[in-house]
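A closer look at the structure
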Amino acid sequence: MCVFKIKRYIILAFFLFVVFFTFGYIHGLISPDLLDEMVKELSFLTEKLISLPNWQFALVIFLNNTLKVLLSMFLGVFFGIIPFFFLVFNAYVLGVVATGVDLHIFVAAIGPHGILEIPAFLIGAGVGLYLGAKFIKNRIFRINFKEFKSVTLLIIVMLFLAALIEVYITPSVVNLVI
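Attention here is on the structure that accompanies the text. (Residues numbered from 1 in each chain as written. Predicted model: local features only at pLDDT ≥ 70, side-chain atom pairs only at ≥ 80, totals over all residues. Heavy atoms only, no water.)

**Structural notes on the overall build of the protein**
Our working definition: Helix numbering and strand numbering both begin at the N terminus, where a helix is a DSSP run of H or I of at least 4 residues and a strand a DSSP run of E of at least 2. We compute the radius of gyration over the C-alpha atoms and compare it with the globule rule, which gives 2.2 Å times the number of residues raised to the power 0.38. Each residue gets one of three labels from its accessible area relative to the maximum for its type: buried under 20%, exposed over 50%, partly exposed in between, using a 1.4 Å probe on protein chains only. Only the protein chains shown count as cover for residues, and all accessible areas are computed by the Shrake-Rupley method using a 1.4 Å probe. For this count, His and the chain ends are skipped, Lys and Arg are scored as positive, and Asp and Glu as negative. Charge coordinates come from a single atom per side chain, which is NZ of Lys, CZ of Arg, CG of Asp or CD of Glu.
Secondary structure assignment for the protein yields 7 helices and 0 strands. What you see in the protein, going N to C, is helices and strands ordered as α-α-α-α-α-α-α. Its C-alpha atoms give the protein a radius of gyration of 17 Å, near enough to 16 Å, the size a compact globule of 178 residues would have. Across its three principal directions, the C-alpha atoms of the protein cover 50 × 40 × 25 Å. Within the protein, the proportion of its 178 residues that are buried is 39%. Of the roughly 10,500 Å² of accessible surface on the protein, 74% is carried by carbon and sulfur atoms. For the protein, the distance from the average site of its 12 positive side-chain charges to the average site of its 9 negative ones is 25 Å.

Here it is as structure tokens:
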């Protein structure tokens, strides 16, 4: 399947991402303690991950993101609910996180790997929303899942490169702006 075939679903995914990022950002501004609660919840996991050698840390990030995106994609057959909530949750959390740092630090921390990771998430969610729409229209049974092989490969490559960038490049970029 060509990404252009599902273009409108990717655009919908992008729209949802922007809307819920904005909601998260506004909620983070209104409730500053929200970010502290999120950080507290994740601190144990973060400490364990940071202690890993870089290649293992990159592998964990890659496998985590790939699993989530692929599940979001293919579980989209259930009315598109999973990719919808996947987008809403991730965009909202990212919006809340954006309230905790200056813009230039946020861009430095997200930009290098996010330039591949976020589009991979949006493409995966777009596929999931497409499958959900097909399911609702009762045409899901005519979908050949083999046609998703190329878009799945594209997403996997994007997420692999993003994980490497997140571990090996993003920290240096953040250090440059701090």
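**Structural notes on helix α3 (residues 54-74)**
Given 3.6 residues per helical turn, the α-helix brings residues three or four places apart onto the same face. Which entries qualify depends on this criterion: A helix is expected to span 1.5 Å multiplied by its residue count minus one. For this quantity, the arc is that covered by the directions from the helix axis to the C-beta atoms. The contact criterion used throughout is that any non-hydrogen atoms of two residues lie within 4.5 Å.
Taking 1.5 Å as the rise per residue, α3 with 21 residues should run 30 Å; its terminal C-alpha atoms sit 30 Å apart, in good agreement. What α3 keeps buried is the set F57, A58, I61, F62, N65, T66, V69, S72 and M73. The buried residues of α3 occupy an angular sector of 155 degrees when projected down its axis, which confines them to one face. Lining the buried residues of α3 we find α2 (33-50), α4 (81-98), α5 (103-136) and α6 (149-168).

**Here we look at α2**
Defined as follows: The angle between axes fitted to the seven residues ending at a residue and the seven residues starting there is what we call the bend at that residue.
With 18 residues, α2 should cover 26 Å at 1.5 Å per step; its first-to-last C-alpha distance of 24 Å lies within 8% of that length. Of all the bends in α2, the greatest, near 50 degrees, is centred on S43. The complete set of buried residues in α2 reads L34, L35 and M38.

**As for the packing of aromatic side chains**
Note on aromatic pairs: each is described by the distance of the centres and the angle between the planes. This is how it is decided: Between the rings of Phe, Tyr and Trp (Trp by its six-membered ring), a pair exists once the centres lie within 6.5 Å; its type follows the angle of the planes, with under 30 degrees stacked, over 60 edge-to-face, and the other angles tilted.
On inspection of all chains with the given rule, the structure shows 10 aromatic pairs. An angle of 85 degrees between the planes, with centres 6.3 Å apart, marks the rings of F20 and F84 as edge-to-face. With F20 in helix α1 (residues 7-30) and F84 in helix α4, this residue pair connects regions lying 64 residues apart in the sequence. Pairing F84 with F85 gives two aromatic rings, centres 5.3 Å apart and planes at 80 degrees, and the pair type is edge-to-face. A relative accessible area of 29% places F84 in the partly exposed class. A residue is classified by how much of its surface remains accessible, and F85, at 51% relative accessible area, is exposed. Feature note: the residues Y9, F74, Y130 and F148 constitute an aromatic cluster, connected by ring pairs.

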